[in-house]
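# Tertiary structure, described
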Amino acid sequence: MDVEDIEIELFVRAMQLRHGHDFTEYAPASLKRRVQQLVRTHHAGSISELNRRLLHEEGFVTRVIEGLSVPVSEMFRDPPVFRALRDKVLPVLASYPEINIWQAGCAHGQEVYSLAILLEEAGLYERTRIYATDFNDAALQVAAEGIYATRDARDWSRNYIEGGGQKSFSDYYSARYDFIKLDQRLRRNVTFFNHNLVTDEVFCEAHLILCRNVLIYFNNALQDRTLGLFRDSLVRGGFLCLGTRENIDFSPSAASFGDIDAGLRIYQAGAGVARPLAR
Amino acid sequence: MTARAAIAMGCSAGGLAALQRVLPALDRRLAVPVVVCAHTGSADVSLLVELLGRVSALPVVEAAEREPADPGVVHVAPSGYHLLVEPNAHFSLNVDARVTYARPSIDVLFETAAGAWKDGLVAVLMTGANSDGAQGLRAVRQAGGYALVQDPASAESDVMPRAGLDIAGADACLPLDQIAARLNQLCLP
């Protein structure tokens, strides 16, 4: 075993024993790159030095968590997904008097606001509650503020139109110099709070769960357990939306989901179509 | 020495034409996984997969999350994600920040492939207009892998192979039309 791999193991142990954060079931290659990035960000020189600070330096763990969750997203990412939600999922949700949506791993919140706009335009937002969770407090704070760089807004505007948006994306934000601030009315039915998919439990009965490009950081066992958590959180017939390149074929828990649009990774709980398990 | 266990290839500007020259000349008996990271700039890699599939000696597929790197198959990194090779030689994807302005990044593929295959890896860096892949190539050599760089004089865009040679050096620097033959020689038992 090479020295760096030993240092990573010690890092994971320190996070677990000293701070109660469990990264043991993260996919190793991504985790290693993020830890190496932390070494550069904090000019630590080595992972061992990072570990020393993690053990002894008050508050350092918060900055490490920020580095390990690196939230990269955009509004209306993968526009066809939003079209499919509008056409295939929202008409079903419309039959419920109250709608609960869980945005799991909301990072900087771009997807939360995208979802709020989608629901607003479908006339469903008044009776919807969105639970937006992440295990990174700093990201949750950014998400709640809804302030983003202006340079991203043009791409997002194109995504919004491709995703079937009915107005102009600029109707939803005010621009100030280099920043846009999203209309704070969009978050009137959003609750942001800290929830860790690795260690925390079911907290609501959801009609739709969105969790895009989060499970890709988990190994098969943790992916399976998290899909089990989603299954237990969803009402019968509730929907699950994952990232467009995610693969749930190795997960036994995925057997309880049927396909709504397999290509776009939109599934329905208890839809009666047992998914075959790969290998 | 024993045959190498896997091939990772990276290219950018001019990469499609380069791959269309190399992949047809691979030996059909090659029983190692071939993993390709090409910057295409398009939102969907399926067109690249189709174009390469038409001419390649080996089947070409989009690399899929959690699937094993199958031998005798060319796996192409999907657009918009970094493609990583896990220690068990299965693929994973992530959406971390761009590396040298690119996602997928050749550095990310090469570094993680070096971690998985160590001295069994052959990494090929070809034509391209930026320096992605050079750091990765260095990691490959540090792990005992074989670094093959396209001769910059034969590259449509020479920035990428030059950066590779500057930063990592190479075990071989060959014109485009000799790359496949060297890969066959290194990877056939």
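Residues numbered from 1 in each chain as written. Chains lettered and ligands numbered in written order. Predicted model: local features only at pLDDT ≥ 70, side-chain atom pairs only at ≥ 80, totals over all residues. Heavy atoms only, no water.

If you check an unreviewed UniProt entry, chain B appears there as protein-glutamate methylesterase from Luteibacter yeojuensis. As stated in UniProt under Catalytic activity (unreviewed entry), the record for chain B gives "[protein]-L-glutamate 5-O-methyl ester + H2O = L-glutamyl-[protein] + methanol + H(+)". (UniProt positions renumbered as here; feature names shortened; annotations may be inferred.)

Residue and element names in this part refer to chain A. Splitting chain A by domain gives domain 1 (3-69) and domain 2 (79-145 + 187-269). Counting from both sides, the interface comprises eleven residues of domain 1 and, opposite them, twelve residues of domain 2. Summed over both sides, the interface of domain 1 with domain 2 buries roughly 1100 Å², with 56% coming from carbon and sulfur. Here domain 1 is connected to domain 2 by one salt bridge. (Domains from an automatic or database assignment. Contact = heavy atoms within 4.5 Å. Buried area = accessible area lost by both parts, 1.4 Å probe. Salt bridge = Lys/Arg side-chain N within 4 Å of Asp/Glu carboxyl O.)

A separate point is the nonpolar core. One broad trend across soluble globular proteins is that nonpolar side chains are buried collectively. Counting residues in hydrophobic clusters, the biggest one holds 76 residues, and the most contacted among them are A:Phe11, A:Phe230 and B:Trp117. Ranked by residue count, the leading element in this core is helix α3 (residues 106-117) of chain B, at seven residues. Here this core spans two domains, since at least three of its residues come from each of domain 1 (3-69) and domain 2 (79-145 + 187-269) of chain A. Beyond its immediate chain neighbours, meaning those up to four positions away, B:Trp117 contacts B:Ala5, B:Ala6, B:Pro33, B:Val35, B:Ala69, B:Val85 and B:Ala89. By size, the runner-up hydrophobic cluster in this structure holds 43 residues, among which are A:Ile130, A:Phe169, A:Leu182 and A:Cys241. (Core = buried A, V, L, I, M, F, W, Y, C linked by side-chain atoms within 4.5 Å. Buried < 20%, exposed > 50% of the residue type's maximum accessible area, 1.4 Å probe, protein only. Helix = DSSP H or I, 4+ residues; strand = E, 2+ residues; numbered from the N terminus.)

Once that is clear, we can look at the sheet that holds strand β3 (residues 60-62) of chain B. Residues and elements named next belong to chain B. Within the open sheet, the seven strands sit side by side as β3-β4-β2-β1-β7-β8-β9. Their pairing is parallel. Strands at the two margins of the open sheet, each flanked by one partner only, are β3 and β9 (172-174). Taking each pair of neighbouring strands and ignoring which way they run, the sheet shows an average axis angle of 20°. Where strand β1 (residues 6-11) meets strand β7 (residues 121-125), five bridges bridge the pair, whose relative direction is parallel. Along β7, the bridge assignment pairs Met9 with Val124. In the packing of helix α1 (residues 15-22) onto the sheet, contacts are made with β1 and β2 (34-38), and the angle to β1 comes to roughly 150°. Across the sheet, helix α2 (residues 46-55) is in contact with β2, β3 and β4 (74-76); its angle to β3 comes to roughly 170°. (Pairing = 2+ DSSP bridges. Axes fitted to C-alpha atoms, helices over the stretch in contact; angles between N-to-C directions.)

Residues and elements named next belong to chain A. Scanning all chains against the criterion turns up 23 salt bridges over all chains. A salt bridge links Glu120 to Arg188, with the shortest nitrogen-to-oxygen separation between them at 3.0 Å. Placement of Glu120 in helix α6 (residues 110-121) and of Arg188 in the loop between β5 (179-182) and β6 (190-194) is noted, with a sequence separation of 68 residues between them. When its relative accessible area of 26% is taken as the criterion, Arg188 is described as partly exposed.

All names here are of chain B. As recorded in UniProt, the sites labelled "active site" (unreviewed entry) are Ser12, His39 and Asp132. These annotated residues cover 121 residues of sequence, and their C-alpha atoms lie no more than 9.8 Å from one another, placing them together at a single site. Structurally, the position occupied by Ser12 is in the loop between β1 and α1. Not counting residues up to four positions away in its chain, the partners in contact with Ser12 are His39, Thr127, Gly128, Ala129, Asn130 and Met160. In this structure, His39 is in contact with Cys11, Ser12, Ala102, Pro104, Ser105, Ile106, Asn130, Asp132 and Met160, ignoring residues within four places of it in sequence.

Once that is clear, we can look at the packing of aromatic side chains. All names here are of chain A. Following the criterion strictly, the structure yields 15 aromatic pairs over all chains and no others. For the pair Tyr113 and Tyr148, a centre-to-centre distance of 6.4 Å together with 75° between the ring planes defines the contact as edge-to-face. Residue Tyr113 is located in helix α6, and its partner Tyr148 is located in strand β3 (residues 147-149); the two are separated by 35 residues in the primary sequence. When its relative accessible area of 0% is taken as the criterion, Tyr113 is described as buried. By relative accessible area, Tyr148 is classed as buried at 6%. A ring pair is formed by Tyr148 and Trp156, whose centres lie 5.4 Å apart and whose planes are at 75°; its orientation type is edge-to-face. Across the pair, exposure class does not vary: Tyr148 and Trp156 are buried alike. (Phe/Tyr/Trp six-rings, centres within 6.5 Å; stacked < 30°, edge-to-face > 60°.)

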